[in-house]
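Each chain is listed here by its residues.
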Amino acid sequence: MSGVPAVKQHVWLGRVKVAALVAAASLACGRPSPDQDGLPDAVGEWTATSETSEFAGDDLFVYINGGAEIYHEHGFDRLWVREYARGDERVAVELYTMAGSAYGIYSYARSASGRQVDLGAGGTLADYYLHFWSGPHLVAVTARDGPGDAQAAVLELGTLLGAKFPRVGQPPHLMALLPVEECVPGSERYVAGPIGLNNAAPRVAALFRGFEEAAVAHCRSAADEEARLVVLRWADPTAATRAVSEARERAASTEGVNGGPVAEAGFSFRFDEDEIMVGDRAGASVRLAVARGGDESHLDRLFPIDNWEVSHEQQERTQ
Amino acid sequence: MSSKNGRSDGADNKESPLRITRREFVAAGAATGALVATGLGFSETGATLPAGLAVAHGPDAATNTLAVMDALGGMDAFVAKGQVVHILPNAQGTHPGTSTDLAVVRTVADLCRQAGAADVRWFTWIYGNYWERSHIGEFVEQSGAELLRIDHEAPSLWRTLDVPRGVTLKTVRVCEALWECDVFISMPIFKHHIGSNFSGSLKNYMGASHPEDNRAFHPTWESDDVVRMEQCVADLNTVVRPADLIVADAMTILTSKGPFGPGDIARPQQVIAGTDRVAMDAYGATLLGLEGPKVMMIQKAHEHGVGEIDLGAVGVRRIETA
C-alpha cells in the first residue's frame, strides 16, 4: 500500500527497458564465475570476516535503504556483499550483477576525481575505494575506515578480484556523441531514467521527460568555459519533437525560467541565477549545454555542431 | 565504559568544556568564555526548552555530543527519570560517512540513562538477517541500547495516517514506535542523497515510515514531478511526531554518491543539536556547500510550517571543543 497516488513505477519500466536494450550484449559477454560462486573465503592475504550476504530484486532496498532506486533504474539483478580483513585493515566488497551492461551504474558509482585503473572493462580508483565493471558486473571495494592509508590496500584487493573478471563490454553507443576531448575525465555518465538525470543534470530533468537514455558529462573548453553537456534520446523523432515542445511549455510556466526557440528544432532557456540551457534536436536525439554565464553560442563552442551531426548520424545507424 | 563522572567513552578524563547548568548557560549567554556565539544566541520558547541550535566543533565525537547537550541545558531537560526513550539513528551501512557516528549514538544513549531513563531503545524496520550480518547489530550492541525490530508486515505495528496538508503524499504508514515512548530522539547524519541532494533531520523520518511507502517517494515519468521525493518528505513531516530532541552527526560526512556511498568524504568534525527539523537541516545543508532555502525538501517543509528556515532567526550557538 502506498499513500502516494497510484503511478506506474518507473523503476520497473527502467528494469525492463535496460534489460531489453542490452540483453544481446549481456549474452555476448557471458557471465564470469562470481555469478554462481559468490565471493571467495580468501583473496590472497585477505580473509573473509563475514558470510556472503546476497540481495536480489527488491531486497536491495534492505541493503541500500533510501538509495537503491538508481540501481534498479539501471537494471539491478543481484548483489553479493562480503567483508575482508588483513591485520587491522578492513574492506567491504560488493559484487553487483545487472540485467544488462553494468557500464551505466559504473559511470554513476565511480569517483569523478579518481584515476583510471586497468581492471575488467574499466576501473576507477579513489582515495579509499575503487570500482570496476565487466559485462553485467560492477565490483566495489571500499575501505571501512575511509580515507587514510587505504588506497593501496583497496587497489591490491581489487586487483586480485579483478583477475576473475574479463575485459568485456563497451560503453553504450550514445556515449560516443559526447565531445570526448572537451569532457572532464571521469565525469561521463550514462543515464537510464529520471532519477539519474535529476542527479546528474537537475535543470534538464525538470524540463525533459520520457527519454529512453541519456549521456551527461562535465566539459571544459580550451578557453576554460565550463558546461554540463547532455544528449537525450527518445524512442523516435516524433517523441523527441514532442518532448522539446513540452519542455518549452514547462519552462514557460516555471517561475524564474525565461526562454524561447532559437531555431525550429532549437531552444534556449535562461534561469534566474545567470544559467543558460541551449540545445537542439536531430532525429530522435537532443543535445544541450547548461552553463553559468553563457550565451546561445555556448552550445556550438562546447559541443560543435559539425561533430554533433556526424556523430548523430553514426549513432542512428548503430541503433 | 564510563568515566569517573559517569560519562561515556571518549569523554574519559576529560571534563566537558561546557559543564554548566542550563540556568547558568542562559544567564551567561554569549559572554561564556568557552563559547563562541555567532548567531543570536538562545531564546526561551515554551516553559522548559531553549530554542536554537547548538553546534560543537572538535576532533572527538563524544566530546562534541556532550558539549551540544550541555548547551541545550543537559539531557535532563529532555529526559525525566523513569521515561522510555526511542532513538532513530541513520544506520545506512558500513561505508564511511553514511551512518550516524557510533560515538555520538553511544554518548546520547549514555546521557539518557544518566538522566534516569527507564529504557533506551533503537527502532528499525530493517528486516531479514541483514541486521545480524551487517555492522548494525554491532552498532546496537555497542550503543548499549535495546533494539525494537519493526516487522513491516505486522499491521499492528504501523499507524496509517492521512496527510491533510500533503501536496503529493496523501496517506502514509508510520511505525507506532514513534509514539510508544515518552521521548523520541532523532539522530540523523548530514550527507548527500541522490534523490534530494541532501539528507538530514527531515529525511531521517523515512526510517520510521513504511519501506513500501518510501519507494513511492521517488520520481516517475508519469508523476511529472521531479521533486517528488522532496515534496513527499516535506509532506511526511507534517504528520509525524516531532522529535523531542535531534542530535545530528557531521563528524565525517558523505558529500557525493549518497545516501549509501562510497563517495567523496568531508570531515566537518561537528555535532549539532536542536529541536527544529527545518533549522537543523538548513544548517546541515551548509556543510555540503548548499544553501538551506535552496534545498527543495527544506524549503517545502518550511512552507508547510514544520520549522524555521532562517538560521538568523533561530540562533546558532557555536562551541569549540578542541
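All of these numbers come straight from a predicted model, not from anything done at the bench. (Residues numbered from 1 in each chain as written. Chains lettered and ligands numbered in written order. Predicted model: local features only at pLDDT ≥ 70, side-chain atom pairs only at ≥ 80, totals over all residues.)

The next subject is the overall build of chain B. When its secondary structure is counted, chain B shows 11 helices and 15 strands. Counting all 322 residues of chain B, 60% fall into the buried class. (Helix = DSSP H or I, 4+ residues; strand = E, 2+ residues; numbered from the N terminus. Buried ≥ 20, exposed ≤ 12 C-beta atoms within 10 Å, placed from the backbone.)

Residue and element names in this part refer to chain B. Running from N to C, helix α8 (residues 228-236) and helix α10 (residues 296-303) point in directions that differ by 35°, and their axes come no closer than 8 Å. For the element pair α8 and α10, the recorded crossing hand is right-handed. Mapping the contact onto sequence places E230, Q231, V233 and A234 in α8 and M296, M297, K300 and A301 in α10. Looking at the contact of α8 with α10, its residues break down into five nonpolar, one polar and two charged. (Axes fitted to C-alpha atoms, helices over the stretch in contact; angles between N-to-C directions. Left-handed = near helix turned anticlockwise from the far one by under 90°. Contact = placed C-beta atoms within 7 Å. Nonpolar A, V, L, I, M, F, W, Y, C, P; charged D, E, K, R; others polar.)

Residue and element names in this part refer to chain B. Across the six residues that make up strand β5 (residues 84-89), a large majority, five, are buried. Inspection of the sheet shows β5 paired to strand β6 (residues 119-124) by four bridges, in the parallel sense. By the bridge assignment for β6, V85 is matched with V120. Taking the sense of rotation as the criterion, the β-α-β connection linking β5, helix α3 (residues 102-114) and β6 turns out right-handed. Inspection of the sheet shows β5 paired to strand β10 (residues 183-187) by five bridges, in the parallel sense. In the sheet register, H86 faces β10, and the bridge partner there is F184. (Pairing = 2+ DSSP bridges. Right-handed = clockwise from strand over helix to strand, strands pointing away.)

With that settled, the discussion passes to the packing of helix α9 (residues 277-286) of chain B against α10(B). All names here are of chain B. Here α9 crosses α10 at 155°, and the two axes come no closer than 10 Å. Between α9 and α10, the crossing angle belongs to the class labelled roughly antiparallel. In this structure, the crossing between α9 and α10 has a hand that is left-handed. Counted together, R277, V278, D281, A282 and A285 of α9 and I298, A301 and H302 of α10 form the full contact between these two elements. The class makeup of the residues in the contact of α9 with α10 is five nonpolar, one polar and two charged. (Parallel < 35°, antiparallel > 145°, perpendicular 65-115°, else oblique.)

So, on to the pairing of strand β3 (residues 53-56) of chain A. Residues and elements named next belong to chain A. Of the two faces of β3, the one lined by S53 and F55 is fully buried and the one lined by E54 and A56 carries no buried residue. Two strands pair when backbone bridges link them, and β3 and strand β4 (residues 76-86) are joined in this way by four bridges, in the antiparallel orientation. Note on β4: the bridge partner recorded for A56 is R78.

Bringing the confidence of the model for chain B into the picture now. Residues and elements named next belong to chain B. When pLDDT is averaged along chain B, the result is 82; 79% of the residues meet or exceed 70. Confidence drops under pLDDT 50 across residues 1-50; counting only partners more than four residues distant or on other chains, this segment forms 86 contacts. In the predicted complex, the global pTM is 0.81; the interface-specific ipTM is 0.78. (pLDDT = per-residue confidence, 0-100.)

A word on α9(B). In terms of burial, α9(B) is largely enclosed, as nine of its 10 residues are buried. Those residues of α9(B) lying buried are R277(B), V278(B), A279(B), M280(B), D281(B), A282(B), Y283(B), G284(B) and A285(B).

Here we come to the environment of I298(B). Residues and elements named next belong to chain B. Residue placement: I298 occurs in helix α10. Residue I298 is classed as buried on the basis of its 33 C-beta neighbours within 10 Å. Linking I298 and P242, residues 56 residues apart in sequence, is a C-alpha distance of 15 Å. Beyond its immediate sequence surroundings of up to four residues, I298 is in contact with L202, V278, D281, A282, A285, G292 and I309.

Let us look at the nonpolar core. If you look at the biggest cluster of nonpolar residues, it comprises 97 residues, and the most contacted ones within it are L138(A), V141(A), V154(A) and A215(A). The greatest single-element share of this core, amounting to six residues, is contributed by strand β5 (residues 89-98) of chain A. What V141(A) contacts, discounting residues up to four positions off in sequence, is V91(A), V93(A), Y129(A), L130(A), V154(A), L157(A), G158(A) and L161(A). The next biggest cluster of nonpolar side chains, apart from the first, holds 95 residues, and it includes I87(B), A103(B), A243(B) and I298(B). (Core = buried A, V, L, I, M, F, W, Y, C linked by C-beta atoms within 7 Å.)

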